[in-house]
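Fold and contact review
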Amino acid sequence: MKVGVLSGGGDAPGINAVIRAVVKKGIQYYGYEMVGIRDGWRGLLEGSFSSLDLKAVSGILPKGGSILGTSRTNPFKREGGAEKILENAEKAGIDAVVVIGGEDTLGVAHKMSELGLKCVGVPKTIDNDLVGTDYTFGFHTAVAIATEALDRLHTTAEAHHRVIILEVMGRYTGWIALEAGIAGGADAILIPEKPFDMDEVCEYIRRRQKRGRNFSIIVVAEGAKPKGGAEILYSETVDEFGHVRFGGVGYYIGKEIEKCMGIETRVVVLGHLQRGGSPTAFDRVLATRYGIAAIDLVHEGKFGYMVALQGNKIVSVPLKEIVGKRKTVNLELYDIAKVFFG
Ligand code: F6P
């Protein structure tokens, strides 16, 4: 049996840990031949492959990025794209594919499964917005990086008596903002699920001032928007899955605070620092468990499924149940965070 592996969409710390687990168990336990598919679905469209033997995965566990590369290629946006993929998979002798991705990449896996390509999914995104799983790998690392940033921003904000706004990733959901905000003791957390009111934000800062706290830290997810307003875009150009690029809401908030409070603000956009570099121990373990479970599903012939974490158990969920949906933040957690606002 020949098994292909691909990673698509934005990278997330832990992709290489998944690849390593899939390849090690695939070769050593099941005697499979493994093949790397380059740059997500593009590799199958263009017939671009790389060797994935034990040597290729040696030493990659702590590495960020993806040894296979990644892209946001959507084969359904290309004329005859799906047919080309089936043709190239057959030509390369690929019997099954382990697809590491978020909703877009796994959405393609679902459609391709229905067309006859044998796929197993692994949930990846730092945004943690995939349904069917408690955690996607990569999220824990992003939260750890954002929390460290908040700790560092606290000391400088306090020394300068400033308001500092940290803009983190999270296009449609505020998971990173919420968890890092709680862990980093943010004075306000603004997320896409809860449009914000600038008067309320200023009131939080005022409340702190009354207690003699002349600095504040605000975390905002890139997709957060003001009540009655729209998200702030960096660019309206859409990618192949129809996503615009968010960015700049931190600057909007910073300027509004300067206007209403007359207080000096600074804005930090954390950006891709949240996605780069080494995964945390938690993400290495989760990614390893996912990789092992994915190759086990291949061995069982259970295609059209995604491995998932529910409670502390690794389970499998039909891809058709997770596509086209989004896991928004846990509102009980948001209520906990709110206790510390202002
Ligand atoms: O993968 C999800 C994500 O990290 C979003 O939070 C963010 O908006 C987007 O990717 C950025 O993607 P790109 O790498 O295309 O800038």
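The shown structure was predicted, so the numbers you read here are calculated from the model rather than taken from an experiment. (Residues numbered from 1 in each chain as written. Predicted model: local features only at pLDDT ≥ 70, side-chain atom pairs only at ≥ 80, totals over all residues. Heavy atoms only, no water.)

A few words on the pairing of strand β1 (residues 2-7). By the criterion of burial, β1 is predominantly enclosed, with six of the six residues buried. Alternating residues of β1 divide into Lys 2, Gly 4 and Leu 6 and Val 3, Val 5 and Ser 7, and every residue in both groups is buried. Bridging between β1 and strand β2 (residues 33-37) involves four bridges; their strand directions are parallel. Looking at the pairing, Val 5 lines up with Gly 36 of β2. (Buried < 20%, exposed > 50% of the residue type's maximum accessible area, 1.4 Å probe, protein only. Helix = DSSP H or I, 4+ residues; strand = E, 2+ residues; numbered from the N terminus. Pairing = 2+ DSSP bridges.)

To continue, consider the domain arrangement of the chain. Domain annotation of the chain identifies domain 1 (2-137 + 279-321) and domain 2 (141-275). Counting residues at the interface gives 18 residues for domain 1, matched by 16 residues for domain 2. Buried surface at the junction of domain 1 and domain 2, summed over both partners, amounts to about 1600 Å²; 49% is from carbon and sulfur atoms. Summed over the three residues of domain 1 that lose the most area to domain 2, namely Arg 72, Ile 126 and Asp 127, the buried surface amounts to 37% of that side. In this structure, the connection of domain 1 to domain 2 is made through two salt bridges. Arg 78 is the salt-bridge partner of Glu 240, the closest N and O atoms lying 2.6 Å from each other. Our count for the domain 1 to domain 2 interface comes out at seven residue pairs in polar contact (both at pLDDT 80 or more). (Domains from an automatic or database assignment. Contact = heavy atoms within 4.5 Å. Buried area = accessible area lost by both parts, 1.4 Å probe. Salt bridge = Lys/Arg side-chain N within 4 Å of Asp/Glu carboxyl O. Polar contact = N/O pair within 3.5 Å; in protein donor to acceptor, adjacent residues only side chain to side chain.)

A few words on the site of the ligand. Every residue lining the ligand is accounted for by Arg 72, Ile 126, Asp 127, Met 169, Gly 170, Arg 171, Glu 222, His 272 and Arg 275. Between the ligand and His 272 there is a distance of 2.9 Å, counted from an oxygen atom to a side-chain nitrogen or oxygen. With the chains in place, 80% of the 400 Å² that the ligand exposes on its own is no longer accessible. Counted by class, the shell around the ligand contains two nonpolar, two polar and five charged residues. (Near = heavy atom within 4 Å. Areas by Shrake-Rupley, 256 points an atom, 1.4 Å probe, with all protein chains shown as cover. Nonpolar A, V, L, I, M, F, W, Y, C, P; charged D, E, K, R; others polar.)

Here we come to helix α4 (residues 103-114). Given 3.6 residues to a turn, an α-helix orients residues that are three or four positions apart in the same direction. Taking 1.5 Å of rise per residue, the 12 residues of α4 would be expected to cover 16 Å, and the 16 Å separating its terminal C-alpha atoms lies within 8% of that figure. Among the residues of α4, those classed as buried are Asp 104, Thr 105, Leu 106, Gly 107, Val 108, Ala 109, His 110 and Met 112. After α4 finishes, the residue Gly 116 shows a positive phi value of roughly 110 degrees. (Expected span 1.5 Å × (residues − 1).)

What follows concerns the pattern of salt bridges. Following the criterion strictly, the structure yields 14 salt bridges and no others. Notably, a salt bridge pairs Arg 206 with Glu 203, separated by 2.8 Å at the nearest N-O pair. Of the two residues, Arg 206 and Glu 203 are both situated in helix α7 (residues 198-210); the distance of three residues between them amounts to about one turn of the helix. Owing to a relative accessible area of 30%, Glu 203 belongs among the partly exposed residues under this scheme. What emerges from the salt-bridge pattern is a single network uniting Arg 162, Glu 264 and Arg 266.

The tally for this structure, following the rule as stated, stands at one disulfide. Here Cys 202 connects covalently by a disulfide to Cys 260, the sulfurs 2.0 Å from one another. Negative torsions about the S-S bond denote left-handed disulfides, and the value of about -65 degrees found for Cys 202 with Cys 260 makes this one left-handed. Of the two residues, Cys 202 is situated in helix α7 and Cys 260 in helix α8 (residues 249-261); the sequence distance between them amounts to 58 residues. (Disulfide = S-S within 2.5 Å.)

The next thing to look at is the side chain of Thr 125. Inspection of the secondary structure puts Thr 125 in the loop between β5 (119-123) and α5 (139-160). Only 2.8 Å separates the side chain of Thr 125 from the backbone nitrogen of Asp 127, close enough to count as a polar contact. What Thr 125 contacts, discounting residues up to four positions off in sequence, is Ala 12, Thr 136, Phe 137 and Phe 139.

Spatial strand order, β7-β8-β6-β11: four strands in an open sheet with parallel pairing. Of all the strands in the sheet, just β7 (188-190) and β11 (265-269) have a single pairing partner and so form its edges. Averaged over all pairs of adjacent strands, the angle between strand axes in this sheet comes to 20 degrees, irrespective of strand direction. (Axes fitted to C-alpha atoms, helices over the stretch in contact; angles between N-to-C directions.)

What follows deals with the packing of aromatic side chains. With the rule as written, the count across this model stands at eight aromatic pairs. Ring geometry for Phe 139 against Trp 175: centres 6.4 Å apart, planes inclined by 85 degrees, an arrangement best described as edge-to-face. You can see Phe 139 sitting in helix α5 and its partner Trp 175 sitting in helix α6 (residues 175-183), a full 36 residues away along the chain. For Phe 139, a relative accessible area of 1% corresponds to the buried category. The rings of Tyr 135, Phe 139, Trp 175 and Phe 282 are connected pair by pair, giving a single aromatic cluster. Its end group placed over the ring of Tyr 305, Lys 302 keeps NZ or CZ at 4.7 Å from the ring centre. In this structure, Lys 327 packs its charged tip against the face of Trp 175, placed 5.3 Å from the ring centre. (Phe/Tyr/Trp six-rings, centres within 6.5 Å; stacked < 30°, edge-to-face > 60°. Lys NZ or Arg CZ within 6 Å of the ring centre and 35° of its normal.)

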